[in-house]
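# What the coordinates show
Spelled out, the chains give:
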Amino acid sequence: MQEILFNFISKYVSLTEDEQNALVSLDIFRSVKKGTILLKEGQKSKESYFVLKGCIRTYYVLDGEEKTTAFYTEMEAFTPPCVINKTPSEYYISCVEDTILTVSNSDMEVEVNSKFPKFEIMCRVLSEELLAKQRIDFDEFKTSSPEQRYLNLLQSRPDLIQRVPQHQLASFLGIKPQSLSRLRARITEKDKG
């Protein structure tokens, strides 16, 4: 687990042995079972997540129906807005698969960033990359048809098609599961024709 994290970090900054040891000593690694809810609507949290292996999703429950807003898989970080705003969460975070992740909190991050300034630089770069990606994803979602969103997903994140239950995938695409089934059948027919 540690090696996966260190390999990822090395793309941004090089760590000394002391810095690696400092990270390991924080006890940030967690193994979480599929179906575990990491955060519930209405809960307050200081925790940020980085997925080393597995998949987590964020979703709202509106009128008794789950509305999936995002999936986070290997090498993706996520800080819920409630951590930054210091307000109760407006949505849920749960594990779609058995997941290994790092869990840090804002107090820990302040301490690490003050001891090791390069972590703050890395976090800033990661935040900028994530913000740019989310902006592109949001714009793409708003300007695409459901079929185009599915085709984009097939191209950009094909692993999700296999890893995520169909009703969650449909919700993420903004359609009903039956519509997803019809859409997939239509695309399969086009590919054959």
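Remember, it's a predicted structure, so these values are computed and weren't measured experimentally. (Residues numbered from 1 in each chain as written. Predicted model: local features only at pLDDT ≥ 70, side-chain atom pairs only at ≥ 80, totals over all residues. Heavy atoms only, no water.)

Even without being glycine, D27 reaches a positive phi, approximately 55 degrees. Counting through the fold element by element, D27 comes out in the loop between α2 (17-25) and β1 (29-32). For D27, a relative accessible area of 51% corresponds to the exposed category. (Helix = DSSP H or I, 4+ residues; strand = E, 2+ residues; numbered from the N terminus. Buried < 20%, exposed > 50% of the residue type's maximum accessible area, 1.4 Å probe, protein only.)

Ordered by their spatial adjacency, four strands build an open sheet running β2-β7-β4-β5, and the pairing between neighbours is antiparallel. The sheet terminates laterally at β2 (37-39) and β5 (65-72), the two strands that pair on one side only. With direction set aside, neighbouring strand axes in the sheet form an average angle of 35 degrees. Here strand β4 (residues 56-62) runs beside strand β7 (residues 92-95); their pairing, made up of four bridges, is antiparallel. Note that in β7 the partner of I56 across the bridge is C95. Against the sheet, helix α8 (residues 166-173) touches β4 and β5, its axis set at about 85 degrees to β5. (Pairing = 2+ DSSP bridges. Axes fitted to C-alpha atoms, helices over the stretch in contact; angles between N-to-C directions. Contact = heavy atoms within 4.5 Å.)

So, about the packing of helix α6 (residues 146-156) against helix α9 (residues 177-192). Across the interface, α6 lies against α9 with an axial gap of 11 Å and an inter-helix angle of 70 degrees. Between α6 and α9, the crossing angle belongs to the class labelled roughly perpendicular. By crossing handedness, the relation of α6 to α9 is classed as right-handed. Counting all contacts with α6, which are made through P146, E147, Y150 and L151, the residues of α9 involved are L180, L183, R184, R186, I187 and K190. (Parallel < 35°, antiparallel > 145°, perpendicular 65-115°, else oblique. Left-handed = near helix turned anticlockwise from the far one by under 90°.)

We now examine the UniProt feature "domain: Cyclic nucleotide-binding" (unreviewed entry) in the protein chain. Feature annotation in UniProt places "domain: Cyclic nucleotide-binding" (unreviewed entry) on residues 11-88, given in this structure's numbering. Regarding residues 11-88, the helix share stands at 18% and the strand share at 41%, and the terminal C-alpha atoms are separated by 34 Å. (UniProt positions renumbered as here; feature names shortened; annotations may be inferred.)

Here four strands make up an open sheet; going across it, the order is β1-β8-β3-β6 and the pairing antiparallel. The open sheet is flanked by β1 and β6 (76-78), the only strands paired with a single partner. This sheet shows a mean twist of 30 degrees between the axes of neighbouring strands, independent of strand direction. Examined bridge by bridge, strand β3 (residues 47-53) and β6 share three bridges and lie antiparallel to one another.

What follows is about the pattern of salt bridges. Tallying each qualifying case throughout the model produces 12 salt bridges. K133 is the partner of D137 in a salt bridge, and the nearest nitrogen-oxygen pair spans 2.8 Å. Taken as a pair, D137 and K133 lie in helix α5 (residues 117-143) at a separation of four residues, close to a single helical turn. Accessibility expressed as a relative area gives 35% for D137, which makes it partly exposed. A single network of salt bridges, built from pairs that share partners, joins E74, E97, D159 and R163. (Salt bridge = Lys/Arg side-chain N within 4 Å of Asp/Glu carboxyl O.)

Attention now goes to the packing of aromatic side chains. A complete count under the given rule lists seven aromatic pairs for this structure. Residues Y59 and Y92 carry aromatic rings whose centres are separated by 5.2 Å and whose planes lie at 10 degrees to one another, so their mutual orientation is stacked. Of the two residues, Y59 is situated in strand β4 and Y92 in strand β7; the sequence distance between them amounts to 33 residues. Neither Y59 nor Y92 differs from the other in exposure class; each is buried. Aromatic pair Y60 and Y91: ring centres 5.2 Å apart, planes at 65 degrees, arrangement edge-to-face. In this pair, Y60 sits in strand β4 while Y91 sits in the loop between α3 (81-85) and β7, placing the two residues 31 residues apart along the sequence. Here the aromatic residues Y60, Y72, F78 and Y91 are joined through ring pairs into a cluster of three or more. Over the ring of F141 we find R149, and its NZ or CZ is 4.1 Å from the ring centre. (Phe/Tyr/Trp six-rings, centres within 6.5 Å; stacked < 30°, edge-to-face > 60°. Lys NZ or Arg CZ within 6 Å of the ring centre and 35° of its normal.)

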